Amino acid sequence: MTQDWTGRTLELTVGAVAHGGHCVARVDGRVVFVRHALPGERVLAEVTEDPGKSFCRADAVKVLTASPDRVEPSCPVAGPGLCGGCDWQHASGAAQRELKARVVEEQLARLAGLDFPVTVEELPGGLLRWRTRVRFVAAADGHAGLRPHRSHRVVPLTDCPITVRGAVDAVLPDRWSDGDEVEATEDADGDVHVRRLPGRGRRPEQRQGGLAVQRAAGREWRLAAHGFWQVHPEAADTFARVVREWAQASPGARAWDLYAGVGLFASVLAEQVGPRGRVLAVESGRRAVADGKANLADLRQVSWRCGQVEHVLRDRRDSPEVVVLDPPRKGAGRVVVERIAAAAPERIVYVACDPAALARDVATFAKLGYRLARLRAFDAFPMTHHVECVALLVSEAKAD
């Protein structure tokens, strides 16, 4: 039985980056997942968690030999045992994007058997003040903050450098009840919407209205302030442009927008198919569907179905020319992938916020006759390990 290494300090050389905001090292035949380090560094790492298996988790508490990509963190609480909101504050922007590219490549190779080169593209605006939506949590003394990595403890904050100033100023100066979660969203007009989610059975509160204004894909959107919308202010319009370029839906054709949210990609597809075409938008959130219907009321070719995607597709008999899907972090999964493939679209545009889930679904699509033709990756979450990908899959049968 492996001895519990929790609390032990290890001197080690850090290896390759891994999915999840850490790098991999090996000590005495065990894998050590090391946070706050960079590939090639020699560090002292303190073991923070040991499940008694072939691996353990550790924080780099002292850097003995630094990577040339290491920089001073912009946030004073970005470090071992402190705020867990960021993973790569200690890496330059170029290094962060390179690390994320290697993660996407590794997931595609390991889970889908693909050797596919990846470049992570920078979005406008830089590394800081991009986060337009954040959920803080209140500590026992009423100060709001964020939790450390894999911890329920709260690190009180006076600022969050990756979050837009309006959202920070709307929450952090105030005092809250212990355990309250406070969500702040800044919309395209600069209005900040605050929602308190009480920690002790009290009813939620909403301040400054519940309707946010966003702009993307050549349209103005009005939607629930705390419903789904891309967190980075440049992300929604960027992804809509890629979907427009790759979907290429023909005038009069049928198209599906799955996990449609309020219909961002449905609006793009509707423009392409025109008034004689049909776009099916499927979304499980009732408020999102209501907002989508209101925002796309001028596009009569869009029809909405409120329900789980796997259930809605079970009853479909039409054959769309193109399918766009933007599933949650867990991915679409085998059942949804099989039902999309059974409808035999020519092209599938897959928007993914998790490279492992994307790779698993790409592997399933491959077994059903769809080839990964193109992929673009975007640094829509600077300083964190998250990366957004847009993939184009094409039917091998229809390509012939």
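Predicted, not measured: the structure shown is a model, and the values here were computed from it. (Residues numbered from 1 in each chain as written. Predicted model: local features only at pLDDT ≥ 70, side-chain atom pairs only at ≥ 80, totals over all residues. Heavy atoms only, no water.)

Turning our attention to the overall build of the chain. When helices and strands are counted, the chain shows nine helices and 22 strands. In terms of overall dimensions, the chain is globule-like: its C-alpha atoms have a radius of gyration of 22 Å, near the 21 Å expected for 400 residues. The C-alpha extent of the chain, read off along each of the three principal axes, is 65 × 50 × 40 Å. Expressed as a percentage of its 400 residues, the buried residues of the chain come to 55%. The contacts of the chain with a sequence gap of at least 6 include a subset with a gap of at least 24, amounting to 62%. (Helix = DSSP H or I, 4+ residues; strand = E, 2+ residues; numbered from the N terminus. Rg over C-alpha atoms; globule rule 2.2 N^0.38 Å. Buried < 20%, exposed > 50% of the residue type's maximum accessible area, 1.4 Å probe, protein only. Contact = heavy atoms within 4.5 Å.)

Taking strand neighbours across the sheet as the criterion, the eight strands line up as 7-21-22-20-19-16-17-18 in an open arrangement whose pairing is mixed. In this open sheet, the two strands that pair with only one neighbour each are strand 7 (120–122) and strand 18 (302–306). Averaged over all pairs of adjacent strands, the angle between their axes in this sheet comes to 20 degrees, without regard to strand direction. By the bridge criterion, five bridges tie strand 17 (residues 278–283) to strand 18 in an arrangement that is parallel. Along strand 18, the bridge assignment pairs Glu283 with Cys306. On the sheet, helix 4 (residues 264–273) packs against strand 16 (254–258), strand 17, strand 18, strand 19 (322–325) and strand 20 (347–352) and is oriented at approximately 170 degrees with respect to strand 17. (Pairing = 2+ DSSP bridges. Axes fitted to C-alpha atoms, helices over the stretch in contact; angles between N-to-C directions.)

The next point concerns the packing of aromatic side chains. The full count for this structure, using the stated rule, is five aromatic pairs. When the centroid spacing of 5.9 Å and the interplanar angle of 50 degrees are considered together, the rings of Trp221 and Trp229 count as tilted. On the basis of relative accessibility, which here comes to 8%, the residue Trp229 falls in the buried class. Residues Phe365 and Tyr370 carry aromatic rings whose centres are separated by 6.0 Å and whose planes lie at 75 degrees to one another, so their mutual orientation is edge-to-face. The cationic tip of Arg8 hangs over the ring face of Trp5; the distance from NZ or CZ to the ring centre is 4.6 Å. The ring of Trp5 has Arg30 sitting right over it, with the charged end atom 4.7 Å from the ring centre. (Phe/Tyr/Trp six-rings, centres within 6.5 Å; stacked < 30°, edge-to-face > 60°. Lys NZ or Arg CZ within 6 Å of the ring centre and 35° of its normal.)

Moving on, we get to the environment of Ala343. In this structure, Ala343 sits in the loop between helix 7 (334–342) and strand 20. Ala343 sits 20 residues away from Val323 along the chain, and the two C-alpha atoms are 9.5 Å apart. The residues contacting Ala343, other than those within four sequence positions of it, are Trp256, Asp318, Ser319 and Pro320.

Each domain of the chain was delimited in the assignment, giving domain 1 (1–70), domain 2 (100–125 + 232–395) and domain 3 (133–216). Between the C-alpha centres of domain 2 and domain 3 there is a distance of 30 Å. (Domains from an automatic or database assignment.)

Here the focus is the environment of Ala391. Looking at the secondary structure, you find Ala391 in strand 22 (residues 388–395). Ala391 sits in the buried class, given a relative accessible area of 0%. As for Ala391 and Val324, which are separated by 67 residues in sequence, their C-alpha atoms are 10.0 Å apart. Those residues in contact with Ala391, other than ones at most four positions away along the chain, are Trp246, Ile348, Val349, Tyr350, Leu358, Leu372, Arg374 and Leu375.

Take the UniProt feature "binding site: S-adenosyl-L-methionine" (unreviewed entry) in the chain next. Within this structure's numbering, the places UniProt gives as "binding site: S-adenosyl-L-methionine" (unreviewed entry) are Gln230, Tyr259, Glu283 and Asp326. Looking at the secondary structure, you find Tyr259 in the loop between strand 16 and helix 4. Tyr259 sits in the buried class, given a relative accessible area of 17%. When residues no more than four places from it in sequence are discounted, the contact partners of Tyr259 are Val282, Glu283, Val309, Leu325, Asp326, Pro327, Pro328, Ala332 and Val336. Position of Asp326 among the secondary structure elements: in the loop between strand 19 and helix 7. Each residue touching Asp326, except ones within four places of it in the same chain, is listed here: Phe228, Gln230, Leu258, Tyr259, Phe265, Val351 and Glu388. (UniProt positions renumbered as here; feature names shortened; annotations may be inferred.)

Turning next to helix 7. Each α-helix turn comprises 3.6 residues. Residues three or four places apart therefore point the same way. When helix 7 is considered as a whole, its buried residues turn out to be Val336, Val337, Ile340 and Ala341. Each buried residue of helix 7 lies within a common arc of 135 degrees when the element is viewed along its axis, so the set occupies one face. Turned more than 90 degrees away from the buried face of helix 7, the exposed residues are Arg334 and Ala342. Taken together, the buried residues of helix 7 touch strand 16, helix 6 (309–314), strand 19, strand 20, helix 8 (355–367) and strand 21 (370–379). At the exit of helix 7 stands Ala344, carrying a positive phi of roughly 60 degrees. (Arc of directions from axis to C-beta.)

In terms of nonpolar packing, the biggest core is built from 71 residues, with Phe136, Leu264 and Val302 touching the most fellow members. The element that contributes the greatest number of residues to this core is helix 3 (residues 235–247), accounting for eight residues. If you count residues domain by domain, this core takes at least three from each of domain 2 (100–125 + 232–395) and domain 3 (133–216). Phe116, Val118, Val120 and Ala352 belong to the second-largest nonpolar core, a separate cluster that totals 39 residues. (Core = buried A, V, L, I, M, F, W, Y, C linked by side-chain atoms within 4.5 Å.)

With that out of the way, let us pick up the pairing of strand 5 (residues 42–49). With five bridges connecting them, strand 1 (residues 9–13) and strand 5 associate as antiparallel partners. In the strand pairing of strand 5, Leu10 is matched with Ala45. In this sheet, strand 6 (residues 55–65) lies alongside strand 5 in antiparallel orientation, the contact comprising seven bridges. Bridging across to strand 6, Ala45 finds its partner in Ala60.

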